[in-house]
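A structural walkthrough
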Amino acid sequence: MARVYSLSHLTTEGLSPPEMFEVAARTGYRYAGIRLLPAAPGGLAFPLMKDTSLRRDTRAAIAATGVGIFDLEMIRLDARFRAEGYLDFFETGAELGARVILVAADDPDPGRLLASYAALCEAARPFGLACDLEFMPWTQVPDLDAARRVVAQAAQPNGGIIVDALHFDRSGGRPDQLADLPSDWLHYAQLCDGPAERPTDDAELIRAARCERWLPGEGGIDLAGFWRQLPDDLPVSVEVPNQRRIAELGHERWAREALRASRCLIEGLAPRHPTPDPQEEGENSCES
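In this report, the structure presented in the accompanying data block is examined. Note that the structure is a prediction, hence the values are computed from the model and not measured.

Centre-to-centre distance and the angle between the planes together describe a pair of aromatic rings. Counted under the stated rule, the structure contains eight aromatic pairs. Relative to Phe168, the ring of Phe135 has its centre 6.4 Å away and its plane inclined at 70°; by these criteria the two rings are edge-to-face. Taken together, the residues span a long stretch of sequence, with Phe135 in the loop between strand 5 (130-134) and helix 5 (144-154) and Phe168 in helix 6 (residues 165-170) at a distance of 33 residues. Taken individually, Phe135 and Phe168 each receive the classification buried, so the pair is uniform in this respect. Classification of Phe168 by relative accessible area gives buried; the value is 3%.

Those residues of helix 3 (residues 87-96) that fall on the buried side of the exposure criterion are Phe89, Phe90, Thr92, Gly93 and Leu96. All buried residues of helix 3 project into a common sector of 165° when viewed along the axis, lining one side. Against strand 2 (31-35), helix 2 (52-65), strand 3 (68-77), strand 4 (100-105) and helix 4 (110-124) lie the buried residues of helix 3. After helix 3 finishes, the residue Gly97 shows a positive phi value of roughly 85°.

A separate point is the sheet that holds strand 7 (residues 189-191). The parallel closed barrel is built from eight strands, whose spatial order is 1-2-3-4-5-6-7-8. Along the sheet, successive strands turn relative to each other by an average axial angle of 30°, direction set aside. Sheet contacts for helix 3: strand 2, strand 3 and strand 4; angle to strand 3, the most-contacted strand, approximately 170°. Its contacts with the sheet put helix 10 (residues 251-267) on strand 1 (5-7), strand 7 and strand 8 (236-238), and the angle it makes with strand 1 is roughly 150°.

Among the residues of helix 1 (residues 17-27), Pro17, Pro18, Met20, Phe21, Val23, Ala24 and Thr27 are the ones counted as buried. Looking at the buried residues of helix 1, the elements they touch are strand 1, strand 2, helix 2, strand 3 and helix 10. Of the residues trailing helix 1, Gly28 is marked for its positive phi of about 105°.

What follows deals with the pattern of salt bridges. According to the stated counting rule, one finds 20 salt bridges in the structure shown. A salt bridge links Glu239 to Arg213; the nearest nitrogen and oxygen atoms lie 3.2 Å apart. Of this pair, Glu239 sits in the loop between strand 8 and helix 9 (243-249) while Arg213 sits in the loop between helix 7 (202-211) and helix 8 (223-228); the two residues are 26 residues apart in sequence, bridging distant segments of the chain. Pair check on accessibility: Glu239 and Arg213 agree, each one buried. When salt bridges that share partners are traced, they join Arg26, Glu252 and Arg256 into one network.

With that settled, the discussion passes to the environment of Arg125. Along the polypeptide, Arg125 turns up in the loop between helix 4 and strand 5. Judged by its relative accessible area of 38%, Arg125 falls in the partly exposed class. Put simply, Arg125 and Ala39 are 86 residues apart on the chain and 23 Å apart in space, counted from C-alpha to C-alpha. Setting aside residues no more than four positions away along its own chain, Arg125 makes contact with Gln156, Pro157 and Asn158.

What counts and what doesn't
Residues numbered from 1 in each chain as written. Predicted model: local features only at pLDDT ≥ 70, side-chain atom pairs only at ≥ 80, totals over all residues. Heavy atoms only, no water. Phe/Tyr/Trp six-rings, centres within 6.5 Å; stacked < 30°, edge-to-face > 60°. Helix = DSSP H or I, 4+ residues; strand = E, 2+ residues; numbered from the N terminus. Buried < 20%, exposed > 50% of the residue type's maximum accessible area, 1.4 Å probe, protein only. Arc of directions from axis to C-beta. Contact = heavy atoms within 4.5 Å. Pairing = 2+ DSSP bridges. Axes fitted to C-alpha atoms, helices over the stretch in contact; angles between N-to-C directions. Salt bridge = Lys/Arg side-chain N within 4 Å of Asp/Glu carboxyl O.

Written out as structure tokens, the structure is:
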């Protein structure tokens, strides 16, 4: 079975959801992720919950292109979090056929954070949505071990962990830590590359993560070691924001390059022998 690739919101940040689905279709992705709520105050997001015209246009783009929604960004768990406040988020995600919600943790109170995550999972489950906790070094769930504790203690059937290659490396993660992650916790993983040298402060970690990631294979992260520990059929979210290179190449060419580099890295790992997908061959091949 061919590997499933999804175009992350950040890789083509600035495009509206309909534009993003059109670019995803032209460049060979089967899914895309959309951001309904900002990652930080004032950040870019497309609140389809309230914008009925944009939601209608997004549904039309999904139908026309055949590209589906994989993940919804993002819900942040902080001291003020109340699951009942996100009903319209869940309803919109279900209407559009999304699979997973990306979840970040900002609450410094471990007990309250755990209760909030469990409540989020319970509230999202009737809508067919998994809740994948993303560990990031500058958050209250800074690494894989911390994420494992929360998901294990919450014990929710739609709970999960998203492993982002950049955050995994920057948090000091080792590939062997991934080997025994429960497979039902893994719904997708995010792929990119970056310099081998790790930033030393949170501000630089955040800037690099949001604005200056590298194509898989260009940097010094042990992506091969990382990916070999993950399930062979795990969907790939290609998350490679790079503001300078997007400005130089344009969104569509950058999305195509990001997919080509991701496929070349993952499908070149022995002993994997993927079934060729004719829709993703040709201009997206490693030889192009």
